[in-house]
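Structure at a glance
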Amino acid sequence: MRPEPFGALLYHFGTRRLSFLKNQTVLAVVRSLADHPSARAACAAAGVPDAELPAYARALAALADSKMITERTLA
Amino acid sequence: MTLTQDRASVRSPGRLADLFERGLAAPICLTWELTYACNLACVHCLSSSGRRDPRELTTAECEAVIDTLRRMQVFYVNIGGGEPTVRPDFWELVDYATAHHVGVKFSTNGVRLDAAAARRLAGSDYVDVQISLDGATPEVNDAVRGAGSYATALRAMTNLAAAGFRGFKLSVVVTRHNVSQLDAFSQIAGRFGAQLRLTRLRPSGRGADVWPELHPTAGQQRELYDWLAAHGEQVLTGDSFFHLSPYGEPLPGLNLCGAGRVVCLIDPVGDVYACPFAIHENFLAGNVRQPGGFEAVWRDAPLFARLRAPQTGGACRSCGFYDSCRGGCMAAKFFTGLPLDGPDPECVRGHGEAALAAAGLAARPHPAADHSHRPGRRAVPVTIARRPPGRSCDENPLAPPAPAEPGRP
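Residues numbered from 1 in each chain as written. Chains lettered and ligands numbered in written order. Predicted model: local features only at pLDDT ≥ 70, side-chain atom pairs only at ≥ 80, totals over all residues. Heavy atoms only, no water.

1. Here's the deal with the overall build of chain B
Note the following rule: Note on conventions: DSSP H or I runs of at least 4 residues are helices, E runs of at least 2 residues are strands, and numbering of each starts at the N terminus. Throughout this description, buried means an accessible area under 20% of the type-specific maximum (1.4 Å probe, protein chains only), exposed means over 50%, and partly exposed covers the range between. Here a residue-residue contact requires only that any non-hydrogen atoms of the pair lie within 4.5 Å.
The number of helices and strands found in chain B is 15 helices and 10 strands. Expressed as a percentage of the 409 residues in chain B, the buried residues total 56%. Within chain B, contacts between residues separated by at least 24 positions form 70% of all contacts whose residues are at least 6 apart in sequence.

Below is the structure:
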(Lines give C-alpha, C1' and ligand atoms only; values in the text may rest on other atoms or scores of the structure.)
Protein backbone atom coordinates (compact mmCIF):
# COMPACT_ATOMS: atom_id res chain seq x y z
CA MET A 1 0.00 0.00 0.00
CA ARG A 2 1.43 3.36 -1.07
CA PRO A 3 0.05 6.64 0.27
CA GLU A 4 -0.83 9.23 -2.38
CA PRO A 5 -2.19 12.77 -2.09
CA PHE A 6 -5.71 11.52 -2.94
CA GLY A 7 -5.68 8.32 -0.85
CA ALA A 8 -3.55 5.31 -1.66
CA LEU A 9 -2.51 2.78 -4.30
CA LEU A 10 -2.54 -0.94 -3.56
CA TYR A 11 -0.76 -3.62 -5.53
CA HIS A 12 -1.06 -7.38 -5.12
CA PHE A 13 1.99 -9.32 -6.31
CA GLY A 14 0.08 -12.58 -6.55
CA THR A 15 -2.77 -11.33 -8.73
CA ARG A 16 -0.72 -8.49 -10.30
CA ARG A 17 -3.67 -6.18 -9.85
CA LEU A 18 -3.61 -2.56 -8.88
CA SER A 19 -6.41 -0.95 -6.87
CA PHE A 20 -7.05 2.57 -5.68
CA LEU A 21 -8.33 4.05 -2.46
CA LYS A 22 -9.83 7.30 -3.60
CA ASN A 23 -9.91 9.23 -0.35
CA GLN A 24 -8.32 9.48 3.08
CA THR A 25 -11.32 8.04 4.96
CA VAL A 26 -11.36 4.74 3.10
CA LEU A 27 -7.58 4.60 3.59
CA ALA A 28 -8.08 5.03 7.36
CA VAL A 29 -10.72 2.28 7.35
CA VAL A 30 -8.51 -0.20 5.47
CA ARG A 31 -5.52 0.59 7.67
CA SER A 32 -7.47 -0.03 10.89
CA LEU A 33 -9.42 -3.14 9.86
CA ALA A 34 -7.13 -5.43 11.84
CA ASP A 35 -7.64 -3.41 15.02
CA HIS A 36 -11.42 -3.66 15.03
CA PRO A 37 -13.76 -6.61 15.57
CA SER A 38 -15.66 -5.84 12.33
CA ALA A 39 -15.54 -3.73 9.21
CA ARG A 40 -18.56 -1.80 10.54
CA ALA A 41 -16.63 -0.94 13.70
CA ALA A 42 -13.64 0.21 11.64
CA CYS A 43 -15.93 2.47 9.60
CA ALA A 44 -17.51 3.90 12.74
CA ALA A 45 -14.10 4.64 14.25
CA ALA A 46 -13.05 6.42 11.04
CA GLY A 47 -16.18 8.59 11.23
CA VAL A 48 -18.10 7.15 8.28
CA PRO A 49 -21.74 8.34 8.51
CA ASP A 50 -24.39 5.59 8.55
CA ALA A 51 -25.79 6.80 5.23
CA GLU A 52 -22.48 6.07 3.53
CA LEU A 53 -21.97 2.61 5.02
CA PRO A 54 -23.34 0.79 1.94
CA ALA A 55 -20.79 2.54 -0.32
CA TYR A 56 -17.97 1.56 2.03
CA ALA A 57 -19.29 -2.00 2.20
CA ARG A 58 -19.15 -2.19 -1.62
CA ALA A 59 -15.63 -0.78 -1.69
CA LEU A 60 -14.40 -3.26 0.92
CA ALA A 61 -16.15 -6.12 -0.86
CA ALA A 62 -14.35 -5.16 -4.09
CA LEU A 63 -11.04 -5.19 -2.24
CA ALA A 64 -11.87 -8.59 -0.78
CA ASP A 65 -12.81 -9.92 -4.24
CA SER A 66 -9.43 -8.89 -5.60
CA LYS A 67 -7.74 -10.42 -2.50
CA MET A 68 -6.34 -7.06 -1.41
CA ILE A 69 -7.90 -7.70 2.00
CA THR A 70 -8.57 -11.16 3.41
CA GLU A 71 -10.49 -12.61 6.31
CA ARG A 72 -8.32 -12.71 9.40
CA THR A 73 -7.01 -16.06 10.54
CA LEU A 74 -6.81 -17.00 14.21
CA ALA A 75 -3.27 -16.69 15.48
CA MET B 1 -0.72 -4.33 -15.21
CA THR B 2 -4.41 -4.50 -14.72
CA LEU B 3 -6.19 -1.46 -13.47
CA THR B 4 -9.22 -2.23 -11.41
CA GLN B 5 -10.60 1.20 -11.95
CA ASP B 6 -13.44 2.37 -9.76
CA ARG B 7 -13.41 -0.80 -7.71
CA ALA B 8 -12.62 0.83 -4.44
CA SER B 9 -14.12 4.22 -5.03
CA VAL B 10 -16.04 5.87 -2.28
CA ARG B 11 -17.40 9.41 -2.49
CA SER B 12 -15.15 9.89 -5.46
CA PRO B 13 -13.83 13.45 -5.68
CA GLY B 14 -13.45 12.95 -9.44
CA ARG B 15 -12.43 10.47 -12.07
CA LEU B 16 -9.18 8.67 -11.42
CA ALA B 17 -7.77 10.17 -14.59
CA ASP B 18 -8.38 13.63 -13.16
CA LEU B 19 -6.54 12.74 -9.96
CA PHE B 20 -3.66 11.20 -11.86
CA GLU B 21 -3.23 14.16 -14.19
CA ARG B 22 -1.75 16.04 -11.25
CA GLY B 23 0.92 13.39 -10.81
CA LEU B 24 1.68 10.76 -8.18
CA ALA B 25 4.19 10.48 -5.34
CA ALA B 26 5.96 7.83 -7.42
CA PRO B 27 5.33 6.30 -10.84
CA ILE B 28 2.90 3.39 -11.22
CA CYS B 29 4.60 2.19 -14.37
CA LEU B 30 8.29 2.78 -14.56
CA THR B 31 10.07 1.56 -17.65
CA TRP B 32 13.76 0.92 -17.24
CA GLU B 33 15.83 0.13 -20.28
CA LEU B 34 18.90 -1.65 -18.99
CA THR B 35 21.01 -1.61 -22.13
CA TYR B 36 21.03 -0.36 -25.70
CA ALA B 37 22.66 -3.65 -26.73
CA CYS B 38 20.45 -6.00 -28.73
CA ASN B 39 20.94 -9.13 -30.78
CA LEU B 40 18.12 -8.00 -33.08
CA ALA B 41 17.60 -4.87 -35.18
CA CYS B 42 13.80 -4.51 -35.31
CA VAL B 43 12.81 -1.89 -37.85
CA HIS B 44 10.46 -0.14 -35.38
CA CYS B 45 12.73 -0.13 -32.30
CA LEU B 46 11.58 2.67 -29.97
CA SER B 47 15.07 3.20 -28.57
CA SER B 48 17.10 2.72 -31.79
CA SER B 49 18.96 -0.05 -29.98
CA GLY B 50 21.77 -2.26 -31.20
CA ARG B 51 25.10 -1.34 -29.62
CA ARG B 52 25.79 -0.98 -25.92
CA ASP B 53 26.61 2.53 -24.73
CA PRO B 54 29.87 2.68 -22.72
CA ARG B 55 28.19 5.09 -20.29
CA GLU B 56 25.50 2.56 -19.28
CA LEU B 57 24.79 2.30 -15.55
CA THR B 58 27.10 -0.05 -13.69
CA THR B 59 25.83 -2.93 -11.57
CA ALA B 60 26.30 -0.86 -8.40
CA GLU B 61 24.46 2.11 -9.91
CA CYS B 62 21.57 -0.15 -10.96
CA GLU B 63 21.38 -1.51 -7.42
CA ALA B 64 21.26 2.07 -6.08
CA VAL B 65 18.35 2.81 -8.45
CA ILE B 66 16.54 -0.28 -7.12
CA ASP B 67 17.14 0.93 -3.53
CA THR B 68 15.52 4.24 -4.50
CA LEU B 69 12.53 2.51 -6.13
CA ARG B 70 12.01 0.48 -2.99
CA ARG B 71 12.08 3.61 -0.85
CA MET B 72 9.55 5.28 -3.18
CA GLN B 73 7.36 2.14 -3.02
CA VAL B 74 7.38 1.62 -6.77
CA PHE B 75 5.59 -1.73 -6.96
CA TYR B 76 7.35 -3.01 -10.04
CA VAL B 77 9.48 -1.96 -12.97
CA ASN B 78 9.09 -2.82 -16.63
CA ILE B 79 12.59 -3.74 -17.72
CA GLY B 80 13.44 -3.52 -21.38
CA GLY B 81 16.18 -2.38 -23.69
CA GLY B 82 17.73 -3.22 -26.09
CA GLU B 83 17.59 -6.82 -25.07
CA PRO B 84 17.97 -6.69 -21.28
CA THR B 85 18.93 -10.33 -20.86
CA VAL B 86 22.20 -9.84 -22.76
CA ARG B 87 23.53 -7.74 -19.89
CA PRO B 88 25.80 -10.15 -18.01
CA ASP B 89 24.44 -8.92 -14.65
CA PHE B 90 20.77 -9.18 -15.74
CA TRP B 91 19.80 -12.09 -13.47
CA GLU B 92 21.77 -10.61 -10.60
CA LEU B 93 19.76 -7.37 -10.93
CA VAL B 94 16.47 -9.25 -11.15
CA ASP B 95 17.36 -11.09 -7.94
CA TYR B 96 18.40 -7.84 -6.27
CA ALA B 97 15.10 -6.16 -7.20
CA THR B 98 12.87 -9.02 -6.06
CA ALA B 99 14.84 -9.45 -2.83
CA HIS B 100 14.03 -5.78 -2.15
CA HIS B 101 10.33 -6.24 -3.00
CA VAL B 102 10.49 -4.36 -6.27
CA GLY B 103 8.64 -6.57 -8.75
CA VAL B 104 10.11 -7.06 -12.20
CA LYS B 105 8.31 -7.41 -15.50
CA PHE B 106 10.78 -7.69 -18.33
CA SER B 107 10.42 -7.63 -22.10
CA THR B 108 12.57 -9.94 -24.14
CA ASN B 109 12.84 -11.39 -27.60
CA GLY B 110 13.49 -14.71 -25.85
CA VAL B 111 17.09 -15.18 -26.90
CA ARG B 112 18.30 -16.18 -23.41
CA LEU B 113 15.17 -17.99 -22.20
CA ASP B 114 16.44 -21.56 -22.26
CA ALA B 115 14.87 -24.31 -20.16
CA ALA B 116 16.95 -23.46 -17.07
CA ALA B 117 16.09 -19.74 -17.22
CA ALA B 118 12.40 -20.62 -17.67
CA ARG B 119 12.45 -22.86 -14.57
CA ARG B 120 14.08 -20.11 -12.55
CA LEU B 121 11.43 -17.58 -13.65
CA ALA B 122 8.55 -19.94 -12.98
CA GLY B 123 9.65 -20.13 -9.35
CA SER B 124 9.19 -16.43 -8.55
CA ASP B 125 5.98 -14.52 -7.75
CA TYR B 126 7.80 -11.24 -8.24
CA VAL B 127 8.87 -11.74 -11.86
CA ASP B 128 6.74 -11.51 -14.97
CA VAL B 129 7.90 -11.93 -18.57
CA GLN B 130 6.79 -10.37 -21.84
CA ILE B 131 7.82 -12.12 -25.03
CA SER B 132 7.80 -9.81 -28.04
CA LEU B 133 6.27 -11.12 -31.24
CA ASP B 134 5.02 -8.88 -34.03
CA GLY B 135 3.54 -11.44 -36.39
CA ALA B 136 1.44 -14.56 -35.83
CA THR B 137 3.36 -16.12 -38.71
CA PRO B 138 7.14 -16.15 -39.29
CA GLU B 139 6.75 -14.15 -42.52
CA VAL B 140 4.98 -11.22 -40.89
CA ASN B 141 7.08 -11.27 -37.71
CA ASP B 142 10.50 -11.72 -39.25
CA ALA B 143 9.93 -8.92 -41.78
CA VAL B 144 9.87 -6.51 -38.81
CA ARG B 145 11.97 -8.23 -36.14
CA GLY B 146 14.54 -10.06 -38.27
CA ALA B 147 15.18 -13.55 -39.63
CA GLY B 148 14.78 -16.30 -37.05
CA SER B 149 13.15 -14.09 -34.42
CA TYR B 150 9.78 -15.88 -34.68
CA ALA B 151 11.44 -19.22 -33.95
CA THR B 152 13.37 -17.69 -31.03
CA ALA B 153 10.18 -16.31 -29.45
CA LEU B 154 8.27 -19.58 -29.92
CA ARG B 155 11.13 -21.55 -28.37
CA ALA B 156 11.15 -19.22 -25.34
CA MET B 157 7.37 -19.59 -24.92
CA THR B 158 7.69 -23.37 -25.19
CA ASN B 159 10.30 -23.32 -22.42
CA LEU B 160 8.19 -21.08 -20.16
CA ALA B 161 5.10 -23.26 -20.63
CA ALA B 162 7.11 -26.44 -20.00
CA ALA B 163 8.48 -24.92 -16.78
CA GLY B 164 4.92 -24.25 -15.59
CA PHE B 165 5.06 -20.47 -15.92
CA ARG B 166 1.39 -19.50 -16.36
CA GLY B 167 0.17 -16.10 -17.44
CA PHE B 168 3.32 -14.66 -18.95
CA LYS B 169 2.62 -12.03 -21.59
CA LEU B 170 2.75 -12.34 -25.37
CA SER B 171 3.45 -8.77 -26.39
CA VAL B 172 2.51 -7.54 -29.85
CA VAL B 173 2.99 -4.15 -31.48
CA VAL B 174 -0.02 -3.72 -33.76
CA THR B 175 0.95 -2.91 -37.36
CA ARG B 176 -0.71 -2.69 -40.74
CA HIS B 177 0.51 -6.24 -41.46
CA ASN B 178 -0.51 -8.03 -38.26
CA VAL B 179 -3.79 -6.28 -37.36
CA SER B 180 -5.62 -9.03 -39.29
CA GLN B 181 -3.92 -11.67 -37.08
CA LEU B 182 -5.34 -10.67 -33.68
CA ASP B 183 -7.35 -13.89 -33.33
CA ALA B 184 -4.28 -15.91 -34.33
CA PHE B 185 -2.23 -14.13 -31.64
CA SER B 186 -4.94 -15.03 -29.11
CA GLN B 187 -4.66 -18.65 -30.14
CA ILE B 188 -0.87 -18.64 -29.78
CA ALA B 189 -1.18 -17.07 -26.32
CA GLY B 190 -3.80 -19.67 -25.36
CA ARG B 191 -1.61 -22.51 -26.57
CA PHE B 192 1.15 -21.48 -24.13
CA GLY B 193 -1.06 -20.41 -21.20
CA ALA B 194 -0.01 -16.82 -21.82
CA GLN B 195 -1.95 -13.56 -21.84
CA LEU B 196 -2.06 -11.39 -24.95
CA ARG B 197 -0.82 -7.81 -24.73
CA LEU B 198 -1.30 -5.42 -27.63
CA THR B 199 0.43 -2.06 -27.88
CA ARG B 200 0.45 0.80 -30.27
CA LEU B 201 3.16 1.33 -32.90
CA ARG B 202 4.85 4.62 -32.07
CA PRO B 203 6.89 6.72 -34.47
CA SER B 204 9.75 6.77 -31.92
CA GLY B 205 13.38 5.75 -32.48
CA ARG B 206 13.75 3.79 -35.71
CA GLY B 207 9.97 3.56 -35.67
CA ALA B 208 9.90 7.13 -37.03
CA ASP B 209 11.30 5.86 -40.34
CA VAL B 210 8.81 3.02 -40.83
CA TRP B 211 5.72 4.47 -39.16
CA PRO B 212 4.20 5.91 -42.37
CA GLU B 213 4.19 2.42 -43.96
CA LEU B 214 3.56 0.31 -40.83
CA HIS B 215 0.92 2.13 -38.78
CA PRO B 216 -2.62 0.76 -39.15
CA THR B 217 -4.81 2.46 -41.74
CA ALA B 218 -7.93 4.34 -40.65
CA GLY B 219 -10.10 1.34 -41.52
CA GLN B 220 -7.81 -0.99 -39.56
CA GLN B 221 -7.96 1.31 -36.52
CA ARG B 222 -11.72 0.87 -36.46
CA GLU B 223 -11.33 -2.94 -36.68
CA LEU B 224 -8.79 -2.79 -33.87
CA TYR B 225 -11.12 -0.75 -31.66
CA ASP B 226 -13.97 -3.19 -32.24
CA TRP B 227 -11.72 -6.14 -31.47
CA LEU B 228 -10.42 -4.52 -28.27
CA ALA B 229 -13.95 -3.56 -27.19
CA ALA B 230 -15.12 -7.15 -27.74
CA HIS B 231 -12.19 -8.72 -25.85
CA GLY B 232 -12.16 -6.23 -22.98
CA GLU B 233 -10.14 -7.11 -19.94
CA GLN B 234 -8.78 -10.39 -21.31
CA VAL B 235 -6.31 -8.42 -23.38
CA LEU B 236 -3.77 -6.05 -21.88
CA THR B 237 -2.94 -2.85 -23.72
CA GLY B 238 -0.77 -0.81 -21.35
CA ASP B 239 -3.38 1.91 -21.91
CA SER B 240 -1.96 2.22 -25.44
CA PHE B 241 -5.07 2.88 -27.45
CA PHE B 242 -6.91 5.64 -25.64
CA HIS B 243 -6.73 7.69 -28.85
CA LEU B 244 -9.32 5.24 -30.25
CA SER B 245 -11.87 5.91 -27.49
CA PRO B 246 -13.92 8.43 -29.56
CA TYR B 247 -15.13 5.42 -31.61
CA GLY B 248 -17.45 4.52 -28.74
CA GLU B 249 -17.16 3.48 -25.12
CA PRO B 250 -13.72 4.16 -23.55
CA LEU B 251 -11.44 1.10 -23.56
CA PRO B 252 -10.45 -0.42 -20.19
CA GLY B 253 -7.68 1.55 -18.48
CA LEU B 254 -7.02 5.07 -17.39
CA ASN B 255 -7.38 6.67 -20.81
CA LEU B 256 -4.88 9.41 -20.31
CA CYS B 257 -1.34 10.25 -21.31
CA GLY B 258 0.66 9.24 -18.26
CA ALA B 259 3.93 10.89 -19.29
CA GLY B 260 5.62 12.34 -16.21
CA ARG B 261 2.41 11.81 -14.23
CA VAL B 262 2.13 8.05 -13.73
CA VAL B 263 4.90 6.75 -16.03
CA CYS B 264 8.43 7.62 -17.03
CA LEU B 265 11.53 6.02 -18.52
CA ILE B 266 15.03 5.47 -17.17
CA ASP B 267 17.31 4.81 -20.14
CA PRO B 268 20.51 2.72 -20.05
CA VAL B 269 22.76 5.72 -19.26
CA GLY B 270 20.45 6.84 -16.43
CA ASP B 271 18.65 9.60 -18.31
CA VAL B 272 15.04 10.03 -17.15
CA TYR B 273 12.51 10.76 -19.88
CA ALA B 274 8.81 11.55 -19.54
CA CYS B 275 7.79 8.28 -21.19
CA PRO B 276 9.31 5.24 -22.95
CA PHE B 277 8.33 6.62 -26.34
CA ALA B 278 9.94 10.02 -25.93
CA ILE B 279 13.70 9.54 -26.02
CA HIS B 280 14.51 13.09 -27.09
CA GLU B 281 16.10 16.03 -25.27
CA ASN B 282 12.76 17.87 -25.23
CA PHE B 283 11.45 15.20 -22.84
CA LEU B 284 14.62 14.70 -20.79
CA ALA B 285 13.87 15.43 -17.13
CA GLY B 286 17.26 14.62 -15.56
CA ASN B 287 19.60 11.76 -14.77
CA VAL B 288 19.66 9.25 -11.92
CA ARG B 289 23.36 10.04 -11.41
CA GLN B 290 22.64 13.63 -10.37
CA PRO B 291 22.33 14.59 -6.67
CA GLY B 292 19.07 13.29 -5.20
CA GLY B 293 18.94 10.54 -7.81
CA PHE B 294 15.75 9.36 -9.46
CA GLU B 295 13.57 10.47 -6.56
CA ALA B 296 14.57 14.12 -6.99
CA VAL B 297 14.03 13.95 -10.76
CA TRP B 298 10.52 12.51 -10.35
CA ARG B 299 9.60 15.01 -7.65
CA ASP B 300 11.29 18.20 -8.82
CA ALA B 301 11.99 18.15 -12.56
CA PRO B 302 10.56 21.33 -14.13
CA LEU B 303 9.53 19.27 -17.20
CA PHE B 304 7.40 16.97 -15.03
CA ALA B 305 5.85 19.96 -13.24
CA ARG B 306 4.77 21.30 -16.65
CA LEU B 307 3.31 17.93 -17.68
CA ARG B 308 1.35 17.75 -14.40
CA ALA B 309 -0.09 21.24 -14.82
CA PRO B 310 -3.57 21.55 -16.36
CA GLN B 311 -3.41 21.19 -20.15
CA THR B 312 -5.31 23.54 -22.42
CA GLY B 313 -6.24 21.07 -25.14
CA GLY B 314 -5.21 23.61 -27.78
CA ALA B 315 -6.65 22.97 -31.22
CA CYS B 316 -8.54 19.92 -29.88
CA ARG B 317 -10.43 21.81 -27.19
CA SER B 318 -13.33 22.63 -29.49
CA CYS B 319 -13.71 18.97 -30.57
CA GLY B 320 -16.61 17.19 -28.91
CA PHE B 321 -14.46 14.08 -28.38
CA TYR B 322 -11.62 15.76 -26.49
CA ASP B 323 -12.80 14.36 -23.15
CA SER B 324 -12.44 10.80 -24.39
CA CYS B 325 -9.09 10.97 -26.22
CA ARG B 326 -7.50 13.99 -24.50
CA GLY B 327 -5.59 14.80 -27.65
CA GLY B 328 -3.92 11.38 -27.85
CA CYS B 329 -0.25 10.49 -27.52
CA MET B 330 2.35 13.20 -26.94
CA ALA B 331 5.20 11.16 -28.43
CA ALA B 332 3.22 10.20 -31.54
CA LYS B 333 2.53 13.86 -32.19
CA PHE B 334 6.08 14.99 -31.51
CA PHE B 335 7.87 12.46 -33.71
CA THR B 336 5.52 13.04 -36.63
CA GLY B 337 6.19 16.78 -36.44
CA LEU B 338 2.77 17.77 -35.07
CA PRO B 339 2.19 20.38 -32.35
CA LEU B 340 1.74 18.86 -28.88
CA ASP B 341 -1.51 20.69 -28.26
CA GLY B 342 -3.14 19.50 -31.49
CA PRO B 343 -4.58 16.20 -32.72
CA ASP B 344 -2.88 12.80 -32.58
CA PRO B 345 -1.57 11.70 -36.02
CA GLU B 346 -4.02 8.77 -35.82
CA CYS B 347 -6.95 10.91 -34.61
CA VAL B 348 -10.04 8.84 -35.39
CA ARG B 349 -11.91 11.98 -36.48
CA GLY B 350 -9.38 12.41 -39.29
CA HIS B 351 -7.88 15.64 -37.91
CA GLY B 352 -4.43 14.01 -37.71
CA GLU B 353 -4.16 13.28 -41.42
CA ALA B 354 -4.90 16.88 -42.29
CA ALA B 355 -2.38 18.11 -39.72
CA LEU B 356 0.29 15.69 -41.06
CA ALA B 357 -0.25 16.93 -44.59
CA ALA B 358 0.03 20.53 -43.40
CA ALA B 359 3.16 19.91 -41.29
CA GLY B 360 5.08 17.99 -43.97
CA LEU B 361 8.05 15.68 -43.46
CA ALA B 362 10.50 18.51 -42.77
CA ALA B 363 8.82 19.19 -39.41
CA ARG B 364 9.79 15.77 -38.04
CA PRO B 365 12.45 16.02 -35.31
CA HIS B 366 15.55 13.84 -35.31
CA PRO B 367 15.78 11.21 -32.55
CA ALA B 368 18.30 12.10 -29.85
CA ALA B 369 20.43 8.98 -29.68
CA ASP B 370 20.99 6.21 -32.18
CA HIS B 371 22.63 2.97 -31.04
CA SER B 372 21.67 1.01 -34.17
CA HIS B 373 24.03 -1.63 -35.47
CA ARG B 374 26.15 -0.20 -38.27
CA PRO B 375 26.25 -2.41 -41.34
CA GLY B 376 29.71 -3.65 -42.26
CA ARG B 377 31.19 -2.92 -38.81
CA ARG B 378 32.36 -5.78 -36.66
CA ALA B 379 30.92 -5.82 -33.14
CA VAL B 380 33.25 -4.60 -30.39
CA PRO B 381 32.49 -6.30 -27.06
CA VAL B 382 32.00 -3.76 -24.29
CA THR B 383 31.98 -4.98 -20.72
CA ILE B 384 29.66 -3.88 -17.92
CA ALA B 385 31.74 -2.02 -15.38
CA ARG B 386 31.34 -2.44 -11.65
CA ARG B 387 31.90 1.29 -11.26
CA PRO B 388 31.84 4.13 -13.80
CA PRO B 389 35.04 4.70 -15.78
CA GLY B 390 36.94 7.86 -14.79
CA ARG B 391 37.43 8.75 -18.44
CA SER B 392 35.88 7.32 -21.60
CA CYS B 393 39.23 5.94 -22.74
CA ASP B 394 39.44 3.81 -19.58
CA GLU B 395 36.57 1.90 -21.12
CA ASN B 396 37.62 1.89 -24.74
CA PRO B 397 40.99 3.00 -26.10
CA LEU B 398 39.29 4.13 -29.31
CA ALA B 399 36.80 6.38 -27.51
CA PRO B 400 36.53 9.85 -29.01
CA PRO B 401 36.94 12.88 -26.77
CA ALA B 402 33.78 13.47 -24.74
CA PRO B 403 31.53 15.86 -26.66
CA ALA B 404 29.81 18.70 -24.86
CA GLU B 405 26.27 17.55 -24.16
CA PRO B 406 23.94 20.29 -23.04
CA GLY B 407 21.27 19.06 -20.70
CA ARG B 408 23.26 16.09 -19.54
CA PRO B 409 24.97 16.13 -16.15
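2. Some remarks on the overall build of chain A
Quick note on the threshold: Only the protein chains shown count as cover for residues, with accessible areas throughout obtained via the Shrake-Rupley method and a probe of 1.4 Å. For the charge count, each Lys or Arg is scored as positive and each Asp or Glu as negative, with His and the chain ends excluded. Positions of charges follow a simple convention, taking NZ of Lys, CZ of Arg, CG of Asp or CD of Glu.
Along its length, chain A carries 3 helices and 3 strands. In chain A, the order of α-helices and β-strands from amino to carboxyl end is β-β-β-α-α-α. Overall size of chain A, expressed as C-alpha extent along the three principal axes, is 35 × 35 × 20 Å. Of the accessible surface of chain A, which amounts to about 4000 Å², a share of 56% is contributed by carbon and sulfur atoms. Measuring between centres, the 9 positive side-chain charges of chain A sit 8 Å from its 6 negative side-chain charges.

3. Quick notes on helix 10 (residues 293-300) of chain B
Of all the residues in helix 10 of chain B, the buried ones are Gly293(B), Phe294(B), Ala296(B), Val297(B) and Trp298(B). Taken together, the buried residues of helix 10 of chain B touch strand 2 (29-35), helix 2 (59-71), strand 8 (263-266), strand 9 (271-273), strand 10 (284-287) and helix 11 (302-308) of chain B.

4. Things to note about the confidence of the model for chain B
Residue and element names in this part refer to chain B. Threshold: The predictor reports its confidence for every residue as pLDDT, a score running from 0 up to 100.
Per-residue confidence for chain B averages 89 on the pLDDT scale, and 89% of its residues sit at or above 70. The low-confidence segment residues 1-13 (pLDDT under 50) makes 48 contacts with residues lying over four places distant or belonging to another chain. The low-confidence segment residues 399-409, where pLDDT is below 50, has 10 contacts with residues more than four positions distant or belonging to other chains. Both confidence scores are given for the complex: pTM 0.87, ipTM 0.78.

5. As for the pattern of salt bridges
All names here are of chain B. How we decide: When a carboxyl oxygen of Asp or Glu lies within 4 Å of a side-chain nitrogen of Lys or Arg, that pair is called a salt bridge.
Following the criterion strictly, the structure yields 14 salt bridges over all chains and no others. The partner of Asp53 in a salt bridge is Arg55, and the shortest N-O contact between them spans 3.0 Å. In this structure Asp53 comes out as buried when scored by relative accessible area, which is 6%.

6. Brief notes about the sheet that holds strand 2 of chain B
Residues and elements named next belong to chain B. In plain terms, the rule: Paired strands, as defined in this entry, are two strands with at least two bridges between them according to DSSP. Axis definition: a line fitted to C-alpha atoms, limited for helices to the stretch in contact. Angles are taken between N-to-C directions and run from 0 to 180 degrees.
Taken together, the 9 strands give an open sheet; going across it, the order is 7-6-5-4-3-2-8-9-10, and neighbouring strands pair in mixed fashion. Single-partner strands in this sheet number two, and they are strand 7 (195-200) and strand 10. Averaged over all adjacent pairs, the angle separating strand axes in this sheet is 25°, with direction ignored. The pairing of strand 8 with strand 9 spans 2 bridges and is classified as antiparallel. Each bridged residue has a counterpart across the sheet, and for Ile266 the counterpart in strand 9 is Val272. Here helix 10 sits on the sheet and contacts strand 2, strand 8, strand 9 and strand 10; the angle it forms with strand 8, its principal contact strand, is near 140°.

7. Brief notes about the state of the cysteines
Note: disulfide means a covalent bond formed between the sulfur atoms of two cysteine side chains. Residue and element names in this part refer to chain B. This is how the line gets drawn: Any two cysteine sulfur atoms within 2.5 Å of one another count as a disulfide.
Scanning all chains against the criterion turns up 0 disulfides over all chains. Note on Cys257: no disulfide assigned, nearest cysteine sulfur contributed by Cys329 at a separation of 6.4 Å. No disulfide involves Cys325; its sulfur sits 6.0 Å from the nearest other cysteine sulfur, which is in Cys316.

8. Quick look at the packing of aromatic side chains
For clarity, the threshold we go by: Aromatic pairs are defined between Phe, Tyr and Trp rings, using the six-membered ring for Trp, whenever the two ring centres lie within 6.5 Å; interplanar angles under 30 degrees are classed as stacked, those over 60 as edge-to-face, and all others as tilted. Definition used: whenever NZ (Lys) or CZ (Arg) falls within 6 Å of the ring centre and also within 35 degrees of the ring normal, the charge is taken to sit over that ring.
Per the stated rule, a full pass over the model turns up 13 aromatic pairs over all chains. Both rings, one in Trp91(B) and one in Phe106(B), keep their centres 6.2 Å apart while their planes meet at 90°; by these two values the pair is edge-to-face. In this pair, Trp91(B) sits in helix 3 (residues 90-99) while Phe106(B) sits in strand 4 (residues 103-108), placing the two residues 15 residues apart along the sequence. Given the relative accessible area of 19%, Trp91(B) is considered buried. With a centroid separation of 5.0 Å and 80° between ring planes, the pair formed by Phe334(B) and Phe335(B) is classed as edge-to-face. As far as burial versus exposure is concerned, Phe334(B) and Phe335(B) are alike and both buried. Among the aromatic side chains, those forming a connected cluster through ring pairs are Tyr11(A), Phe13(A), Phe75(B), Tyr76(B) and Tyr126(B). The ring of Trp298(B) is capped by Arg308(B), whose NZ or CZ atom sits 4.6 Å from the centre of that ring.

9. Some remarks on the packing of helix 7 (residues 182-191) of chain B against helix 9 (residues 218-231) of chain B
For any two helices packed against each other, the geometry comes down to the angle between their axes and how far apart the axes lie. At their nearest, the axes of helix 7 of chain B and helix 9 of chain B sit 11 Å apart, and the two run at 35° to each other. For the pair helix 7 of chain B and helix 9 of chain B, contact is made by Leu182(B), Asp183(B) and Ser186(B) and by Leu224(B), Trp227(B) and His231(B), respectively.

10. Let's talk about helix 2 of chain B
Residues and elements named next belong to chain B. Stated formally: Each residue after the first adds 1.5 Å to the expected span of a helix.
Its 13 residues place the ends of helix 2 19 Å apart at the C-alpha level, agreeing with the 18 Å of an ideal helix rising 1.5 Å per residue. Those residues of helix 2 lying buried are Thr59, Glu61, Cys62, Val65, Ile66, Thr68 and Leu69. On its buried face, helix 2 is in contact with strand 2, strand 3 (76-81), helix 3, strand 8 and helix 10. Positioned one or two residues after helix 2, Gln73 has a phi angle of 60°, which is positive.

11. Focus: the pairing of strand 2 of chain B
Residue and element names in this part refer to chain B. Along strand 2, 7 of the 7 residues are buried, which leaves the element largely enclosed by surrounding structure. Alignment of strand 2 against strand 8, held across 4 bridges, turns out to be parallel. Its bridge partner lying in strand 8, Thr31 is registered against Leu265.

12. Examining the side chain of His215(B)
Residue and element names in this part refer to chain B. Heads up, the condition is: Identification of polar contacts relies on pairs of N or O atoms within 3.5 Å, with a donor-acceptor requirement for protein atoms, meaning one able to donate a hydrogen and the other able to accept it, and with residues adjacent in sequence counted only if both atoms are side-chain atoms.
Among the secondary structure elements, His215 is positioned in the loop between helix 8 (207-214) and helix 9. A distance of 2.9 Å separates a polar atom in the side chain of His215 from a polar atom in the side chain of Glu346. Ignoring anything within four residues of it in the chain, the contact list for His215 reads Arg176, Leu201 and Glu346.

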